[in-house]
Amino acid sequence: MQLLYTILIMLLVVSGTRITAQFIPLPLPILQILIGALLAIPVLGLHVRLDPELFLLLFIPPLLFVDGWRMPKGQFRKLRTPILLLAFALVFFTILGAGYFIHWLLPQVPLAACFALAAVLSPTDAVAVSAIAHGRLPSTLNNLLQGEALMNDASGLVAFKFAVAATLTGVFSLSDAGLQFVLVAVGGLLVGMSLSYLLGRMRAWMIARGWEEPAPHVLLMLLLPFAAYVAAEDLGLSGILSAVAAGMMQSRLDLLPRQTTTRLLNRSVWAMLEFTFNGLIFLLLGLQLPDILKAAMGEQAHAWTFVLSALAYVLAVYAVLMTLRFVWVYGYWRTSGMLRRWRGKPTRFAGQSRLALSAVLTLGGVRGAVTLAGVMSLPLLLNSGEAFPERDLLILIAAGVILLSLLVASVALPKILPLLPQDNVARHEEELNRHRAQVLESAIRSLEAEDERASDTEGAIAMAEIKAKLMSEYRDLLERTRTRGAETSREHQRQADQLEYRLRLQALRTQRLELYRMRKENQLDDDMLAEILRDLDNAEARLHKG
């Protein structure tokens with residue numbers, strides 16, 4: 001019962017922090033961490049022991065799955081080179097550079113354990129960056145950070161496992177580790193893609209037989225990331241990359257016919273889960289901080305001296321991580337620009353400041369939930385039976401780096417972002433209208449080619465009237481997409497759309513109020529009320545989407 005109370009309290013706090021963030025000028029992740037730390041003090045006494053394996057299984061697969069689902073596949077292909085270099089090459093560059101530095105800083109810690117800490121500090125958290133940037137991050141940079149975060153969770157954790165194994169056994173082979181890493185990564189991707197493809201085929205089979213009830217379809221998709229993660233982990237492969245691959249594959253397979261209601265429900269369910277799980281992750285991080293600090297201090301005779309030393313370690317490790325990341329990113333922009341000019345291709349981000357771009361991508365490398373879960377999984381004992389060297393201090397340093405990266409990004413990113421040109425909204429709207437026009441033209445051609453199959457005269461007349469009405473509506477929409485190039489026409493159309501939106505919304509809500517009145521006066525039963533109300537809700541959902 002105590003566990004149930006704790007879960008309900010945490011869910012209530014997550015919901016409350018979203019409301020509180022409207023009045024407190026702090027990024028939501030930092031606010032949730034602070035409230036979590038406050039709840040963990042002895043006076044309030046909310047204590048949650050973090051099980052790293054359960055944490056990774058419960059939170060990470062669904063969040064990475066939905067990120068992979070939403071990741072623009074065209075952008076991912078377009079940015080595949082910098083994404084893969086950030087997600088894999090930068091991770092190994094960071095492990096080597098930061099690992100040797102941490103060993104120099106803490107000579108009492110074996111080099112393999114230092115590599116383990118550097119590896120677990122490599123994964124980034126794009127969710128936290130999005131919360132800090134408040135949508136002001138240019139779309140290309142946002143896609144780049146998201147793609148990196150999707151992939152480097154796996155590369156960082158796999159490297160972390162190898163480094164921990166080397167610490168426990170004292171044996172490490174670079175060639176064996178490299179080969180195993182490739183097998184683990186590729187195998188995880190194949191498992192996720194295969195399971196997602198099989199689920200898509202099964203859903204198509206269900207729909208072909210008339211099994212179109214949205215709830216089972218949504219439930220199957222909710223279970224998919226967990227199935228992909230568990231199956232890959234049981235095979236000794238990367239569960240994280242499996243969940244990512246399942247999400248990216250499912251986004252293509254979800255375009256099934258007669259599934260509009262399922263997609264509406266699916267989006268709503270995933271939006272709710274994403275908000276809840278992200279909030280719980282940062283709240284759990286805050287709840288762990290007092291215990292982490294208490295365990296690291298242990299029996300220290302000079303508490304304040306230890307705290308100051310630990311703070312110095314955190315600052316030093318964070319500074320090295322950011323320096324390595326900046327050097328890598330800036331070097332990539334310089335090298336990429338030179339190669340593209342040599343090949344006669346336009347330079348990506350032409351005319352933009354390389355320093356500003358590198359600074360944004362560097363500060364955007366915020367550490368988050370995966371780092372915390374990984375470092376908390378450090379074993380207590382070595383194979384020899386001795387205690388893992390400085391385990392509590394390593395956990396404290398990792399937690400400090402997470403907090404410091406969030407704080408620095410929340411302060412510095414809003415000051416750097418204005419130096420970058422924002423997305424070209426007009427060009428985006430022009431491209432969107434071109435695609436809309438193409439879709440509308442296909443609908444008009446389909447109506448023009450429709451044979452009037454009505455056998456009687458009245459049926460033929462009704463068919464002609466309906467066709468004329470639909471074609472008139474589609475041609476009106478097509479004309480709107482073609483006249484939105486001029487600013488005056490766009491402003492006029494925007495005002496007309498707003499007026500139409502208000503009138504349609506008012507009409508829908510009037511119908512809903514009339515339904516409530518009719519039910520109150522027993523003019524219709526609950527089943528009829530529910531059916532009509534569902535139609536009105538779907539119409540309003542389509543109206544909001546439009």
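Residues numbered from 1 in each chain as written. Predicted model: local features only at pLDDT ≥ 70, side-chain atom pairs only at ≥ 80, totals over all residues. Heavy atoms only, no water.

(A) Local environment of the overall build of the chain. Counting secondary structure elements, the chain contains 20 helices and zero strands. Looking at the chain as a whole, 44% of its 546 residues qualify as buried. Here the analysis covers contacts within the chain between residues at least 6 apart in sequence; of these, 78% occur between residues at least 24 apart. Of the accessible surface of the chain, which amounts to about 29,200 Å², a share of 63% is contributed by carbon and sulfur atoms. (Helix = DSSP H or I, 4+ residues; strand = E, 2+ residues; numbered from the N terminus. Buried < 20%, exposed > 50% of the residue type's maximum accessible area, 1.4 Å probe, protein only. Contact = heavy atoms within 4.5 Å. Areas by Shrake-Rupley, 256 points an atom, 1.4 Å probe, with all protein chains shown as cover.)

(B) A look at the pattern of salt bridges. Applying the stated criterion across every chain, the model contains three salt bridges. Between R325 and E148 there is a salt bridge, with the nearest N and O atoms lying 2.8 Å from each other. Here R325, found in helix α13 (residues 303-342), pairs with E148, found in helix α8 (residues 139-169); they are 177 residues apart in sequence, far enough to count as distant. Looking at R325, the relative accessible area reads 3%, which means it is buried. (Salt bridge = Lys/Arg side-chain N within 4 Å of Asp/Glu carboxyl O.)

(C) Highlighting the nonpolar core. By size, the foremost hydrophobic cluster in this structure holds 120 residues, and its most contacted members are F55, L117 and L287. Broken down by element, the residue count for this core peaks at 14 residues, all from helix α16 (residues 391-416). Not counting residues up to four positions away in its chain, the partners in contact with L287 are M10, G36, A37, L39, A40, L46 and V48. In terms of nonpolar packing, the next biggest core, distinct from the first, is built from 12 residues, W69, M221, L224 and A228 among them. (Core = buried A, V, L, I, M, F, W, Y, C linked by side-chain atoms within 4.5 Å.)

(D) Main features of the packing of aromatic side chains. A full pass over the atoms with the stated rule returns 12 aromatic pairs. Ring centres of Y332 and W333 lie 5.2 Å apart, and the angle between their planes is 55°; on these two criteria the pair is classed as tilted. In this pair, the class of Y332 matches that of W333, namely buried. Members of the aromatic cluster, joined through ring pairs, are F55, F59 and F277. (Phe/Tyr/Trp six-rings, centres within 6.5 Å; stacked < 30°, edge-to-face > 60°.)

(E) Looking closely at the environment of L407. For L407, the location among the structural elements is in helix α16. For the pair L407 and I30, spaced 377 residues apart in sequence, the C-alpha to C-alpha distance is 7.5 Å.

(F) Quick look at the packing of α8 against helix α14 (residues 354-363). Two numbers describe how α8 lies on α14: the axes approach to 11 Å, and their chain directions differ by 40°. Classed by the angle they form, the pair α8 and α14 counts as oblique. The handedness of the crossing between α8 and α14 is right-handed. Contacts from L141, L144 and L145 in α8 reach L357, V360 and L361 in α14. (Axes fitted to C-alpha atoms, helices over the stretch in contact; angles between N-to-C directions. Parallel < 35°, antiparallel > 145°, perpendicular 65-115°, else oblique. Left-handed = near helix turned anticlockwise from the far one by under 90°.)

(G) Geometry of helix α6 (residues 111-120). Most of α6 is tucked away: eight of the 10 residues are buried. Buried within α6 we find A113, C114, F115, A116, L117, A118, A119 and V120. Next to the buried residues of α6 lie α5 (80-105), α8, α15 (369-376) and α16.

(H) Structural context of the environment of F88. Secondary-structure assignment places F88 in helix α5. Residue F88 is classed as buried on the basis of its relative accessible area of 19%. Expressed as a C-alpha distance, the spacing of F88 and G156, which sit 68 residues apart in the sequence, is 8.2 Å. Setting aside anything within four residues of it in sequence, one finds F88 in contact with M151, S155 and F181.

(I) Inspection of unusual backbone geometry at higher detail. A positive phi angle, close to 55°, is found at E390, a residue other than glycine. With respect to the helices, strands and loops of the structure, E390 is situated in the loop between α15 and α16. For E390, a relative accessible area of 35% translates into the label partly exposed.

(J) Inspection of the confidence of the model for the chain at higher detail. Of all residues in the chain, 82% have pLDDT values of 70 or greater, and the mean over the chain is 80. When pLDDT is averaged over each helix and strand of the chain, the minimum, 63, is found for helix α17 (residues 425-449) and the maximum, 92, for α6. (pLDDT = per-residue confidence, 0-100.)

(K) Seen up close, the environment of L223. In this fold, L223 is placed in helix α10 (residues 214-234). Look at L223 and you get partly exposed, because its relative accessible area is 48%. Residues L223 and P61, 162 residues apart in the sequence, show an inter-C-alpha distance of 10.0 Å.

(L) Looking closely at α13. If you check α13, its first and last C-alpha atoms are 58 Å apart, about what 40 residues at 1.5 Å a residue would give, namely 58 Å. Downstream of α13 by a residue or two, G344 has a phi angle that is positive, lying close to 75°. (Expected span 1.5 Å × (residues − 1).)

(M) Region of the structure containing the side chain of T276. Turning to its location among the elements, T276 is positioned in helix α12 (residues 260-297). In this view, T276 contacts L11 and V14; residues no more than four positions away in its chain are not counted.

(N) Molecular detail of a nonpolar patch on the surface. Residues L3, L4, Y5, I7, L8, I9 and L11 make up a contiguous nonpolar surface patch of about 660 Å² in total accessible area. Structurally, Y5 can be placed in helix α1 (residues 2-20). (Patch = residues over 30% accessible without salt bridge, like charges linked within 9 Å, V, L, I, M, F, W, Y side chains within 5 Å.)

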